[in-house]
Protein chains: 2
Amino acid sequence: MAEPEGRFRTMVDRLREKGHRLTPQRLAILKILARSEGHPGVEAIHRQLIQDYPNISLATVYRNVILLKELGEVLELGFADDGNRYDGNNPRPHPHLICIRCRRILDPDLPDLKEASDRLANETGFEILSHRMDFFGICPSCRAKG
Amino acid sequence: MAEPEGRFRTMVDRLREKGHRLTPQRLAILKILARSEGHPGVEAIHRQLIQDYPNISLATVYRNVILLKELGEVLELGFADDGNRYDGNNPRPHPHLICIRCRRILDPDLPDLKEASDRLANETGFEILSHRMDFFGICPSCRAKG
DNA sequence: TTGGCTGCAAATATTTTGCACTGGC
DNA sequence: GCCAGTGCAAAATATTTGCAGCCAA
């Protein structure tokens, strides 16, 4: 896990560098994403924000998450069935371990996929740009609950 | 790639065994999914069906795909941004290689992830039930087009 | 000052569901 | 004949967009 403080500053710098404004709402979203505690979804981010910005809109969260995604500062974990989840703490592709009961998402340590990725590129002629590796299961806590 | 004909029969048997009826629409959907040419989405499946069943509803396609997914006879590749895609030819989890331009989806040969999966289970206490492994890139044909 | 950003509400896109009717078994 | 399955339309869910006003630079 990267230092949330460092990630926050990196994101701020990147936004400034690209000429984007630093509104209070945007900064608050950055802070949450720099931590990405539990890989929050848009709804969860919004819920946290409302404490300090009672009128903040979901649309604002969406717009900022999209912006950061385009800048490569947030990794989007898209799910078709449930809302998407975001990781601004480690925006590079990495494997995830997902509990299908409580929806908790962990970052397990696994050797990366560069080798497989390179081989695939050679064999297929694809230019491979990213990947997604999710393991689905039931976490210890949910298993205990039966 | 499994024999579409064999997959079709397996699916029919499984439905019968579970007491589901074999309507003409359902059988037509099975045939398309047994091939899963290009990993079709619901829309693509529906488009093929309309030739023989002009009044067939999208809802029917959804309902059957969901049923087969629950029976483990179809693998759903959920995408948050675009519609979901389905593989009834090989319903076990396996890696996919996806062109982000033309949305073509291939099944590359890769060593499976059982080892990594088992290790994860041991290290984290998760009961791992399935996984998803996607590589995203640009296919040779789209690269040629610039 | 001003154009990017925000809040709000309406629009999209995809998938699900209620309901009456039909047809597989 | 019964009830799962179907077609249709409406609803639900998640995300995007138009627009008027606001504020960061």
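Given the structure is predicted, the values throughout are model-derived calculations rather than measurements.

Q: It is not clear to me how the pairing of strand β5 (residues 127-138) of chain A should be interpreted in this structure. Could you clarify?
A: On a regular strand, one side chain projects to one face of the sheet and the next to the other, so that they alternate. The pairing of strand β3 (residues 96-99) of chain A with β5 of chain A spans 4 bridges and is classified as parallel. Looking across to β5 of chain A, one finds that leucine 97 of chain A is bridged to phenylalanine 135 of chain A.

Q: Sorry, what's going on with the relation of the copies chain B and chain A here?
A: Turning one copy of the chain about an axis and sliding it along that axis gives the other copy, so a rotation and a shift relate them. Laying chain B over chain A is done by rotating through 180° and shifting 0.0 Å along the axis; what remains is an RMSD of 0.0 Å. Look at the turn and shift together and you get a two-fold axis relating the two. When the interface residues of chain B are mapped onto chain A, 100% of them again lie at the interface, so the same face is used by both copies.

Q: I would appreciate a short explanation of the sheet that holds β3 of chain A in the present structure.
A: What links the strands of a sheet is backbone hydrogen bonding, and the strands pair in either a parallel or an antiparallel sense. With mixed pairing, 6 strands are arranged side by side in an open sheet as β4(A)-β3(A)-β5(A)-β5(B)-β3(B)-β4(B). Looking at strand neighbours, the two that pair on one side only are β4 (105-106) of chain A together with β4 (105-106) of chain B, the edges of this open sheet. Sheet topology note: the strand β3 (residues 96-99) of chain B/β4 of chain B ladder contains 2 bridges and is antiparallel. Across the sheet, the residue bridging to leucine 97 of chain B is leucine 106 of chain B, located in β4 of chain B.

Q: Please clarify how the environment of proline 93 of chain A should be interpreted in this entry.
A: Residues and elements named next belong to chain A. Note that proline 93 resides in the loop between β2 (85-87) and β3. Given the relative accessible area of 24%, proline 93 is considered partly exposed. Separated by 88 residues in the primary sequence, proline 93 and glutamate 5 place their C-alpha atoms 21 Å from one another. Leaving out residues up to four positions away in the same chain, proline 93 has contacts with Leu75, Ser130 and His131.

Q: Please explain the domain arrangement of chain A as it appears in this structure.
A: Bring the parts together and some accessible area is lost; that lost area is often taken as the interface size. Residues and elements named next belong to chain A. For chain A, the assigned domains read domain 1 (4-87) and domain 2 (96-145). For domain 1 versus domain 2, the distance between C-alpha centres works out to 22 Å. Between domain 1 and domain 2, the contact holds 9 residues from the first and 8 residues from the second. With both sides pooled, the region where domain 1 packs onto domain 2 buries about 760 Å², and carbon together with sulfur makes up 51% of that total. For the domain 1 face of the interface with domain 2, the top three residues by lost area are His39, Leu77 and Phe79, together amounting to 54%. Across the contact surface, domain 1 and domain 2 share 2 salt bridges. Here aspartate 82 makes a salt bridge to arginine 103, at a shortest N to O gap of 3.5 Å. Taken together, domain 1 and domain 2 are joined by 4 residue pairs in polar contact (both at pLDDT 80 or more). Only β1 (75-77) and β2 provide two or more residues apiece to the side of domain 1 that touches domain 2.

Q: So what exactly am I meant to see when it comes to the side chain of asparagine 89 of chain B here?
A: Residue and element names in this part refer to chain B. Structurally, asparagine 89 is set in the loop between β2 (85-87) and β3. Within the local environment of asparagine 89, its side chain forms a polar contact with the backbone oxygen of alanine 34, the two atoms lying 2.9 Å apart. In contact with asparagine 89, not counting residues within four places along its chain, are Met1, Ala2, Pro4, Arg7, Leu33, Ala34, Arg35 and Ser36.

Q: Honestly, the confidence of the model for chain A in this entry has me stumped. Any pointers?
A: One rule of thumb: low pLDDT means the predicted coordinates there are not for detailed reading. Averaged over all residues, the pLDDT of chain A is 94; the fraction at 70 or higher stands at 100%. Within chain A, the element-level pLDDT minimum falls on helix α5 (residues 114-124) of chain A, averaging 93, and the maximum on helix α2 (residues 24-35) of chain A, averaging 98.

Q: How should the interface of chain B and chain A be read in this particular structure?
A: Facing the 37 residues of chain B at the interface are 37 residues of chain A. Buried surface at the junction of chain B and chain A, both sides included, amounts to about 3000 Å², of which 71% is carbon and sulfur. Taken together, the links from chain B to chain A amount to 0 salt bridges. Between chain B and chain A we count 10 residue pairs in polar contact (both at pLDDT 80 or more) in total. The set of elements that each furnish at least two residues to the side of chain B that touches chain A consists of β3, α5 (114-124), β5 (127-138) and α6 (140-144) of chain B. Per-element accounting of the side of chain B that touches chain A gives the leading share, 12 residues, to β5 of chain B. In terms of residue class, the side of chain B that touches chain A is made up of 22 nonpolar, 8 polar and 7 charged. With 11 bridges joining them, β5 of chain A and β5 of chain B adopt antiparallel strand pairing. Each residue of the ladder has a partner; that of arginine 132 of chain A, found in β5 of chain B, is aspartate 134 of chain B.

Reading the values: rules and limits
Residue indices follow the written sequence of each chain, beginning from 1 at its first position. All chains are assigned letters beginning with A, and all ligands numbers beginning with 1, in the order in which they are written. pLDDT decides what is reported in this predicted model: residues at 70 or higher carry local features, side-chain atom pairs at 80 or more are listed and counted, and totals for whole chains, interfaces and linings draw on all residues regardless. Computation of side-chain values: all heavy atoms of the structure, hydrogens and water removed. Any two strands with at least two DSSP-identified bridges between them are counted as paired. A run of DSSP states H or I qualifies as a helix once it reaches four residues; a run of E qualifies as a strand once it reaches two. Both are numbered from the N-terminal end. Overlaid copies result from least-squares superposition on C-alpha atoms, with residues included only where pLDDT is at least 70 in both. Any pair of residues with heavy atoms lying within 4.5 Å of one another is described as a contacting pair. For every residue, the accessible area obtained with a 1.4 Å probe (protein chains only) is divided by the maximum for its type, and the residue is called buried under 20%, exposed over 50%, and partly exposed between those limits. A domain assignment, automatic or from a database, supplies the domain bounds used here. A simple way to read buried area is as the amount of 1.4 Å-probe accessible surface that goes missing from two parts once joined, with both sides added. Salt bridges are defined by distance alone: a side-chain nitrogen of Lys or Arg within 4 Å of a carboxyl oxygen of Asp or Glu. We define a polar contact as two N or O atoms separated by no more than 3.5 Å, with the added condition that, inside protein, one atom must be a possible hydrogen donor and the other a possible acceptor, whereas residues neighbouring each other in sequence contribute only through side-chain atom pairs. A residue's pLDDT is simply how confident the predictor is in it, with values from 0 to 100. Gly falls in the polar group here, along with every residue not listed as nonpolar (Ala, Val, Leu, Ile, Met, Phe, Trp, Tyr, Cys, Pro) or charged (Asp, Glu, Lys, Arg).

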